[in-house]
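Understanding the architecture of this molecule
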Amino acid sequence: MTLYPKLITDALQQVRYPGTGKNIVEADMLEDDLRIDGMKVSFSIIFPQDTDPFQKSVLKAAEAAIHTYVDKAVEVTVSAKYAAARRPEPGKMLPQVKNVIAVSSGKGGVGKSTVAANLAVALAQMGYKVGLLDADIFGPSMPKMFEMEHIDIFAEQVDGRQLLIPAEKFGVKMLSIGFFVKPETATLWRGGMASNALKQLIADTQWGELDYFILDTPPGTSDIHLTLLQNLAITGAVIVSTPQQVALADARKGIDMYQNEKVGVPLLGLVENMAWFTPAELPENRYYIFGREGTKRLAEEMQVPLLAQIPIVQSICESGDAGRPAALGETATGLAFRQLAERVIEETERRNRELAPTTIVEMKK
């Protein structure tokens, strides 16, 4: 017999909670932690408080329902959780965060993660409280960029919940799935597993008060983007592209993803990365090896701000590989990233003055 989630939830609909008379699924008492491993099933039931008089009987009834309506051979592990310790609902996962900024790109290889890391560091250098989430579940790069590949992440008990404590470096609080997997190991997860892991990194973490929460999203459009849009009210998006035509074509798709009427996330602007190449020995020279000002023209066409043009300088790659973002330095590149941060602040403040708060994307059943 093959077990699947609906089989379990259908059985649990037969279990009534005496306190309301509703079944535990209808009463929204089933926690979002259902796990199936062959013929093993584990899940949690949420009770109003730890002294609930119906707790033991409901837990036993849930186990009995699976044995009765699914299969007697199922090994059931059911635990109790309490409302005070429940994960916040979508849209309310980061109550102490003022602005959530998604850094995205239509395709890989345009330097999106480099831009996200340096934007976060530049904002922190300017005195803001900053968090950075590496949301690229299948290709995390932040542990390498911050030279934090072998650190351990711990959890603490906070208000009845076990919350992860993010790593911190250069004034930036940070989490990445890369902290939990070996650097040389591929993450072979189905979409649902990746989405659940992402929700844990967001909601089951002690982020605290933040002025800016930067999301380094995967390239393209995917389940991960949908998970972010369904769970976070994103203040605005920053799209990163190179000047070449193939990158610009994909950048348009990234723009459409956020500006689609079903999504409605404001676009703060575009960043032209690898805008030109400047050799160290000829700092005044510019070589437009990927085309010239393609992203700038796209910004004009879409009537959105061009936030920055970042040149290719060997020190950007070297600083990223060495775990010291270029935004920390006094180079031309460091200055460019600080100017980017200033423009993001400016556009975020303008967006907050002129537009209503973003709402999460509701998916119709």
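As a starting point, this report considers the structure included with it. (Residues numbered from 1 in each chain as written. Predicted model: local features only at pLDDT ≥ 70, side-chain atom pairs only at ≥ 80, totals over all residues. Heavy atoms only, no water.)

A closer look at the overall build of the chain
The line we're drawing: Numbered from the N terminus, helices here are DSSP runs of H or I no shorter than four residues, and strands are runs of E no shorter than two. Buried means the residue's accessible area, taken with a 1.4 Å probe over protein chains only, is under 20% of the maximum for its type, while exposed means over 50%, and partly exposed covers the values in between. Residue contacts follow a heavy-atom distance rule, with two residues in contact if any of their heavy atoms lie within 4.5 Å. Accessible surface area values rest on a Shrake-Rupley calculation with a 1.4 Å probe, where residue burial reflects the displayed protein chains alone. Here the positive residues are Lys and Arg and the negative ones are Asp and Glu; neither His nor the chain ends is included. Where a charge sits is defined by one atom per residue type, namely NZ (Lys), CZ (Arg), CG (Asp) or CD (Glu).
If you tally the helices and strands in the chain, you get ten helices and 13 strands. With the principal axes as the frame, the chain shows a C-alpha extent of 75 × 40 × 40 Å. Counting across all 365 residues of the chain, residues that qualify as buried make up 49%. In the chain, once contacts between residues fewer than 6 apart in sequence are set aside, the share between residues at least 24 apart is 74%. When the accessible surface of the chain is summed, it comes to about 18200 Å², and 50% of that surface belongs to carbon and sulfur atoms. Positive and negative side-chain charges in the chain, numbering 38 and 45 respectively, have mean positions lying 4 Å apart.

With respect to the pairing of strand S2 (residues 40-47)
Counted only if it meets this: A pair of strands is treated as paired once DSSP finds two or more bridges between them. By convention, a crossover is right-handed whenever its connection, traced from the first strand over the helix to the second and viewed with the strands pointing away, goes clockwise.
Along S2, six of the eight residues are buried, which leaves the element largely enclosed by surrounding structure. Bridge analysis of S2 against strand S3 (residues 75-82) gives eight bridges, and the strand direction is parallel. When the bridges of S3 are listed, Ser42 appears paired with Thr77. Taken together, S2, helix H2 (residues 55-69) and S3 form a β-α-β motif whose crossover is right-handed.

Observations concerning the nonpolar core
Heads up, the condition is: The set of buried Ala, Val, Leu, Ile, Met, Phe, Trp, Tyr and Cys residues whose side-chain atoms join them within 4.5 Å is what this entry labels a nonpolar core.
One finds Phe213, Ile214 and Leu232 to be the most contacted residues of the largest nonpolar core, which totals 83 residues. Of all the elements, helix H3 (residues 112-125) adds the most residues to this core, at nine residues. Ala11, Leu59, Ile66 and Val70 belong to the second largest nonpolar core, which has 23 residues in total.

Points about the packing of aromatic side chains
Applicable threshold: Pairs were defined over the aromatic rings of Phe, Tyr and Trp, the Trp ring being its six-membered one, requiring ring centres within 6.5 Å. Orientation was assigned from the angle between planes: stacked under 30 degrees, edge-to-face over 60, tilted for the rest.
A full pass over the atoms with the stated rule returns five aromatic pairs. Taking the centre distance of 5.6 Å and the plane angle of 90° together, the rings of Tyr17 and Phe54 count as edge-to-face. Here Tyr17, found in the loop between helix H1 (5-12) and strand S1 (35-37), pairs with Phe54, found in the loop between S2 and H2; they are 37 residues apart in sequence, far enough to count as distant. The partly exposed category is assigned to Phe54, whose relative accessible area is 29%. With a centroid separation of 5.5 Å and an interplanar angle of 85°, the aromatic rings of Tyr128 and Tyr212 are classed as edge-to-face. Taken together, the positions of Tyr128 in the loop between H3 and strand S5 (130-134) and Tyr212 in strand S10 (residues 210-216) put the pair 84 residues apart, joining distant regions of the chain. Members of the aromatic cluster, joined through ring pairs, are Tyr17, Phe47 and Phe54.

A look at H2
Worth spelling out the cut-off: How far a helix is expected to stretch is found by multiplying one less than its residue total by 1.5 Å. Here the arc refers to the directions that run from the helix axis out to each C-beta atom.
Across its 15 residues, H2 extends 21 Å between first and last C-alpha, which sits within 8% of the 21 Å expected from 1.5 Å per residue. Considered for burial, the residues of H2 that qualify are Gln55, Val58, Leu59, Ala62, Ala65 and Ile66. Along the long axis of H2, the arc covered by the buried residues comes to 120°, so they all point the same way. Pointing more than 90 degrees away from the buried face of H2 are the exposed residues Lys56, Lys60 and Thr68. Looking at the packing, one finds that the buried side of H2 touches H1, S2 and S3.

Things to note about the sheet that holds strand S4 (residues 97-104)
Here is the rule we go by: To define axes, lines are fitted to C-alpha atoms, for helices over the stretch in contact only, and angles between the resulting N-to-C directions are given on a 0 to 180 degree scale.
Reading across from one edge, S8-S9-S5-S10-S4-S11-S12-S13 is the order of the eight strands in this open sheet, with mixed pairing throughout. Of all strands in the sheet, those with a lone pairing partner are strand S8 (167-169) and strand S13 (306-312), marking the two edges. Neighbour-to-neighbour, the strand axes of the sheet open up by a mean angle of 25°, direction not taken into account. Packing of helix H8 (residues 294-302) onto the sheet brings it into contact with strand S11 (236-241), strand S12 (267-277) and S13, and relative to S12 it is tilted by some 160°. Helix H10 (residues 332-354) contacts S4, S10, S11, S12 and S13 of the sheet and is inclined by roughly 165° relative to S13.

Some thoughts on the pairing of strand S9 (residues 172-176)
Of all five residues in S9, four are buried, a share of seventy percent or more. In the sheet, S5 pairs with S9 via five bridges, with the strands oriented parallel. Residue Val130 lies in a different strand from S9, and its bridge partner there is Val172. Note that S8 and S9 share three bridges and pair antiparallel. Bridging across to S9, Ala167 finds its partner in Met174. Between the end of S8 and the start of S9, which pair antiparallel, lie two residues, with Phe170 showing a positive phi angle near 55°.

Some words on the packing of helix H7 (residues 245-259) against H8
Spelled out, the test is: For a crossing to be left-handed, the near helix must be turned anticlockwise from the far one by less than a right angle; the clockwise case is right-handed. Classification convention: Asp, Glu, Lys, Arg as charged; Ala, Val, Leu, Ile, Met, Phe, Trp, Tyr, Cys, Pro as nonpolar; all other residues, Gly among them, as polar.
Direction vectors running N to C along H7 and H8 enclose 35°, while the axes themselves pass 10 Å from each other. Note that H7 runs across H8; the crossing there is right-handed. Across the interface between the two elements, Gln245, Leu248, Ala251, Arg252, Ile255 and Gln259 from H7 touch Gly294, Thr295, Arg297, Leu298, Glu301 and Met302 from H8. Looking at the contact of H7 with H8 residue by residue, the classes come out as five nonpolar, four polar and three charged.

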